[in-house]
Amino acid sequence: MKYQRVFYALITMILVLTLGLSVGAEQEASFLVSLGLSEAEAAKIEAQCKVNGYIDELVKEIDETKHGGFLIDEKNTLHVYLVPNTNETKTMRRIQRDPDVVFHECTYSFRDLQDIQDTVLEQYGEEWNVVRSYIDVQTNRVVIEMPVSKMDNGRRTRSGVRPDQPLTIVPVGDSDTFDVKLNASTSAVEIYPSNQYTNRSTWSSATIGFFARERSGSKRYGFVTAGHAVGVGNVVEMWGESIGTCVKSTTDKVDCAFVALNSGVEGYSMIDYGSGLGTKQISGYTRDNYVKGKMYICAGGESGIVSGECENVSVVVGGFFKNRQALFSFKLQEGDSGSPILYASSPGGRTLILNGMSSMGEASTSKGLGYTMDELEDTLGVDWVQTVIL
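In what follows, the accompanying structure is described. (Residues numbered from 1 in each chain as written. Predicted model: local features only at pLDDT ≥ 70, side-chain atom pairs only at ≥ 80, totals over all residues. Heavy atoms only, no water.)

Focus: the overall build of the protein
In terms of helices and strands, the protein carries seven helices and 26 strands. When each of the 390 residues of the protein is scored for burial, the buried share is 53%. In the protein, the share of contacts with a sequence separation of at least 24, taken over all contacts with a separation of at least 6, comes to 62%. Counting only carbon and sulfur atoms, one obtains 48% of the accessible surface of the protein, whose full area is about 17000 Å². (Helix = DSSP H or I, 4+ residues; strand = E, 2+ residues; numbered from the N terminus. Buried < 20%, exposed > 50% of the residue type's maximum accessible area, 1.4 Å probe, protein only. Contact = heavy atoms within 4.5 Å. Areas by Shrake-Rupley, 256 points an atom, 1.4 Å probe, with all protein chains shown as cover.)

Observations concerning the sheet that holds strand β14 (residues 256-261)
The strand order across the open sheet built from eight strands is β9-β8-β12-β13-β14-β11-β10-β25, with neighbouring strands paired in antiparallel fashion. Sheet topology places β9 (205-207) and β25 (382-384) at the edges, where each strand pairs with a single neighbour. Mean inter-strand twist for the sheet, computed between neighbouring axes without regard to direction, equals 40°. Across six bridges, strand β13 (residues 241-250) lies against β14 in antiparallel orientation. Bridge pairing in β14 links T245 to A260. (Pairing = 2+ DSSP bridges. Axes fitted to C-alpha atoms, helices over the stretch in contact; angles between N-to-C directions.)

Brief notes about the pairing of strand β8 (residues 196-199)
As paired strands, β8 and β9 are joined by three bridges and run antiparallel to one another. The partner of Q196 across the bridge, within β9, is T207. Connecting β8 to the next strand, β9, in antiparallel fashion are five residues, including W203 with a positive phi near 60°. Pairing geometry for β8 and strand β12 (residues 235-238), over two bridges, is antiparallel. Bridge assignment links T198 to a residue of β12, and that residue is E237.

Some points on the sheet that holds strand β26 (residues 387-389)
Strand order in this open sheet of three strands is β7-β15-β26, and the pairing throughout is mixed. Pairing within the sheet leaves two strands with one partner each, and these edge strands are β7 (189-191) and β26. Averaged over all pairs of adjacent strands, the angle between strand axes in this sheet comes to 20°, irrespective of strand direction. Of the pairings in the sheet, the one linking β7 to strand β15 (residues 265-268) comprises three bridges and is parallel in character. Bridged to I191 within β15 is G267.

Brief notes about unusual backbone geometry
Residue N85 is not a glycine yet carries a positive backbone phi of 70°. Locating N85 in the fold gives a position in the loop between β2 (78-82) and α4 (90-95). When its relative accessible area of 74% is taken as the criterion, N85 is described as exposed. At W203, a position not held by glycine, the phi torsion is positive, near 60°. Relative to the assigned elements, W203 resides in the loop between β8 and β9. Classification of W203 by relative accessible area gives exposed; the value is 58%.

Put into structure tokens, the structure is as follows:
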């Protein structure tokens, strides 16, 4: 089945690149079937396209103080969690009769849960040696994972946390890391921005920047990374498992590439801060340019979280590329190419916004170079998505 998925991805790539195929949303399922996918697989992709579109619209209409988050289950049903007395929006009215959408009432808003998560991590993250923290949208609670050896300490210290707060502490093995799956019952391969992947053609490594979906053609889901790191037709892997095939790559004006993901891969827009600060969900993205003097963070697959200010929003640098990029004071290493560039309200803070992607370190100083989201999306013909479940 694994080889069959790769075959389908390659067939799709060849047809789109050579024939310039473009289909409407209503033709998407039949188009995918014509490429060799089963009707069930085509229907699954079509359903996910639809509900991801709903999420994009709802996020723009509903403030974080009014919703408790959004969840797409294994059947591609969208679950929308709303606090009481939330005003109905245009999108809510339009999709409320869709059988693939279920509305739920929740006690805490997403903003409430973020505040609780930040408070707990700031006060107890280091002492508890937190492995990971995240917001469980379905249970409307903050989940804190900590080593078994720290559990007694966690229970003792938790007297400083109000007992009525929606906080769940989960013991994990002392050797566990962020690679522990969000849902242990699934066999899917889970990936995140800042994860490092390997190019099977060159056996070199680079970093996942962000998840996206093609605007036209077969409208595949995948991730954006550095163009010099992977070429069209290259298969990429993580943990020895093939996760996708590069279908677009350029180093002409913008150094970027798009890797179409295989079935059985799930992508979540979360960043691991480490050092007891847990993980943070990417709240959204901006197509605005960088601001000179403003601080940004870069989540590198090799360097981890690094931060620095934007020194120049448009500079031509020497080395591998001659095109214009933003220049940052943080330094990058080999393997960091493709890392997401974000800004936050504070180190480990609540608001985490995707601003673009790094290409590489500048030749003489290793200072980070990067592109904005509008440059990346428009060059590749893709749009950012927060979650991918294939």
